[in-house]
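The chain contents come next:
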Amino acid sequence: DAGITQSPRHKVTETGTPVTLRCHQTENHRYMYWYRQDPGHGLRLIHYSYGVKDTDKGEVSDGYSVSRSKTEDFLLTLESATSSQTSVYFCAINPGTTNYGYTFGSGTRLTVV
Amino acid sequence: TQLLEQSPQFLSIQEGENLTVYCNSSSVFSSLQWYRQEPGEGPVLLVTVVTGGEVKKLKRLTFQFGDARKDSSLHITAAQPGDTGLYLCAGARGNEKLTFGTGTRLTIIP
């Protein structure tokens, strides 16, 4: 009954290849976010979206792009994967009021070799 | 620059003991949230506090928001192995994006 799903759950890719991660929600929430989680750094915001085709950069956006053509889908693309992008990536959704908190997906573990 | 500092970074205690973890900032937040994350899963919201001095209880967990809305604490009474996990605080200023702390990794030893 998860309202947010991420795919794939695990991926290994080679340096220099493009990679796309998908986040799908069934909650019809306006806001969607992509975070990466690394030891010692916590959760850092990559990009976020506040509506269809409305996106903005977070604090660690270099090397990443996003797209949101439908309310339910938010895609994160690594243009040319590097080893420094090895991480666990989380998608989160929010209805529009921060006080309600974020609902997170289960994450995608990405390894760039 | 990490706006939210959590301490301790790691905490390992015996089942049945009490513990407190802290979330501190030099910035004022309009609300502060606590999440718990288990291995292989995303963070799950535990509580949101919005008023300075507010105290919320969730069974054996007590959350407090500082009077100046710059800090928060999480107190667990009679810790159980099921409390093991990564605890994250996150602050919001207005309706802006959340800023997360680096987390406290808690291990409860049976």
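A brief structural summary. (Residues numbered from 1 in each chain as written. Chains lettered and ligands numbered in written order. Predicted model: local features only at pLDDT ≥ 70, side-chain atom pairs only at ≥ 80, totals over all residues. Heavy atoms only, no water.)

What about the interface of chain B and chain A?
Step number 1: Counting residues at the interface gives 23 residues for chain B and 21 residues for chain A.
Step number 2: Of the roughly 1,500 Å² buried between chain B and chain A on both sides combined, carbon and sulfur atoms contribute 50%.
Step number 3: Seen at the junction of chain B and chain A, the total is zero salt bridges.
Step number 4: If you list the elements that add at least two residues to the side of chain B that touches chain A, you get β4 (31-37), β5 (44-49) and β9 (85-92) of chain B.
Step number 5: Considering every element that reaches the side of chain B that touches chain A, the biggest residue donor is β4(B), with four residues.
Step number 6: The class makeup of the residues in the side of chain B that touches chain A is nine nonpolar, eleven polar and three charged. (Contact = heavy atoms within 4.5 Å. Buried area = accessible area lost by both parts, 1.4 Å probe. Salt bridge = Lys/Arg side-chain N within 4 Å of Asp/Glu carboxyl O. Helix = DSSP H or I, 4+ residues; strand = E, 2+ residues; numbered from the N terminus. Nonpolar A, V, L, I, M, F, W, Y, C, P; charged D, E, K, R; others polar.)

Brief notes about the packing of aromatic side chains
Residues and elements named next belong to chain A.
Step number 1: This model, assessed by the stated rule, comprises 17 aromatic pairs over all chains.
Step number 2: Judged by centre distance (6.0 Å) and plane angle (50°), the rings of Tyr35 and Phe104 are tilted. Of the two residues, Tyr35 is situated in strand β4 (residues 31-38) and Phe104 in strand β10 (residues 103-104); the sequence distance between them amounts to 69 residues. For the residue pair Tyr35 and Phe104, the accessibility class agrees, reading buried in each case. (Phe/Tyr/Trp six-rings, centres within 6.5 Å; stacked < 30°, edge-to-face > 60°. Buried < 20%, exposed > 50% of the residue type's maximum accessible area, 1.4 Å probe, protein only.)

Some details on the pattern of salt bridges
Any two side chains of opposite charge can pair, given that their charged atoms come close.
All names here are of chain A.
Step number 1: With the rule as written, the count across this model stands at six salt bridges over all chains.
Step number 2: For Asp73, the salt bridge goes to Arg22, with nearest N and O atoms at 3.1 Å. Here the residue Asp73 occupies a position in strand β8 (residues 73-78), and Arg22 occupies one in strand β3 (residues 19-25), the gap between them amounting to 51 residues.
Step number 3: With its nearest N and O atoms 3.3 Å apart, the salt bridge here joins Asp73 to Lys70.
Step number 4: Residue classification places Asp73 among the buried positions, given a relative accessible area of 8%.
Step number 5: Look at Lys70 and you get partly exposed, because its relative accessible area is 41%.
Step number 6: When salt bridges with common partners are traced through the structure, they connect Arg22, Lys70 and Asp73 into a single cluster.

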